[in-house]
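Chain by chain, the residues:
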Amino acid sequence: MADLPVPVASKKMMDVKLSELGRWLAARDFSPNNIFSAPSRGLQRFHNKYTHVKKGGIGGICIMLAGYITISYIWQYEHLKQSRWRKYH
């Protein structure tokens, strides 16, 4: 039996072929409410995948620690850039 074709609008982005990308983007809802709630949905997916698991590991904590280190480096970059050793000649 052949599988029934799935509508492009209900596919995930990873399952969309390049030729279907225009129709898939046209079916998305780009209202301001959905755009501003996208980071919240991403954070919820992250928590469900890495922190709210039955048998957790150190992976989620390591990812959060790496993100914290990266963000703190970006925040302190101007200060670190000025305190480098320079050759004065």
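Residues numbered from 1 in each chain as written. Predicted model: local features only at pLDDT ≥ 70, side-chain atom pairs only at ≥ 80, totals over all residues. Heavy atoms only, no water.

### Comments concerning the overall build of the protein chain
Here's step 1: Within the protein chain, the secondary structure is distributed over three helices and zero strands.
Here's step 2: When the helices and strands of the protein chain are placed in sequence order, the string is α-α-α.
Here's step 3: When each of the 89 residues of the protein chain is scored for burial, the buried share is 8%.
Here's step 4: Split by element, the accessible area of the protein chain, about 8700 Å² in all, is 64% carbon and sulfur. (Helix = DSSP H or I, 4+ residues; strand = E, 2+ residues; numbered from the N terminus. Buried < 20%, exposed > 50% of the residue type's maximum accessible area, 1.4 Å probe, protein only. Areas by Shrake-Rupley, 256 points an atom, 1.4 Å probe, with all protein chains shown as cover.)

### Quick notes on the pattern of salt bridges
Here's step 1: Inspection of every chain in the model, using the stated rule, returns one salt bridge.
Here's step 2: For Glu20, the salt bridge identified is with Lys11, shortest N-O distance 3.2 Å. (Salt bridge = Lys/Arg side-chain N within 4 Å of Asp/Glu carboxyl O.)

### Looking at the packing of helix α2 (residues 32-51) against helix α3 (residues 59-82)
Here's step 1: Relative to each other, α2 and α3 sit at 135 degrees, their axes nearing to 8 Å. The angle between α2 and α3 places the two elements in the oblique class. Of α3, the residues touching α2 (which contributes Phe46, Tyr50 and Thr51) are Gly60, Ile63 and Met64. (Axes fitted to C-alpha atoms, helices over the stretch in contact; angles between N-to-C directions. Parallel < 35°, antiparallel > 145°, perpendicular 65-115°, else oblique. Contact = heavy atoms within 4.5 Å.)

### Regarding a nonpolar patch on the surface
Here's step 1: Residues Ile71, Tyr73, Ile74, Trp75, Tyr77 and Leu80 make up a contiguous nonpolar surface patch of about 660 Å² in total accessible area.
Here's step 2: One can find Tyr77 in helix α3.
Here's step 3: The exposure class assigned to Tyr77 is partly exposed, which follows from its relative accessible area of 30%. (Patch = residues over 30% accessible without salt bridge, like charges linked within 9 Å, V, L, I, M, F, W, Y side chains within 5 Å.)

### What to know about the packing of aromatic side chains
Here's step 1: Taken as a whole, this structure holds one aromatic pair when the rule is applied.
Here's step 2: Seen in terms of ring centroids, Tyr73 and Tyr77 are 5.9 Å apart; in terms of plane orientation they differ by 65 degrees. Their pairing is edge-to-face. Of this pair, Tyr73 and Tyr77 both sit in helix α3, four residues apart, roughly one helical turn. (Phe/Tyr/Trp six-rings, centres within 6.5 Å; stacked < 30°, edge-to-face > 60°.)

### A word on the confidence of the model for the protein chain
Here's step 1: Averaged over all residues, the pLDDT of the protein chain equals 82, while 89% of them reach at least 70.
Here's step 2: Across the protein chain, helix α1 (residues 21-27) holds the top mean pLDDT of 88, while α3 sits lowest at 85. (pLDDT = per-residue confidence, 0-100.)

### Comments concerning the side chain of Lys11
Here's step 1: Looking at the secondary structure, you find Lys11 in the segment before α1.
Here's step 2: Apart from the residues within four sequence positions on either side, Lys11 is in contact with Val6, Val16, Glu20, Trp24 and Arg28.

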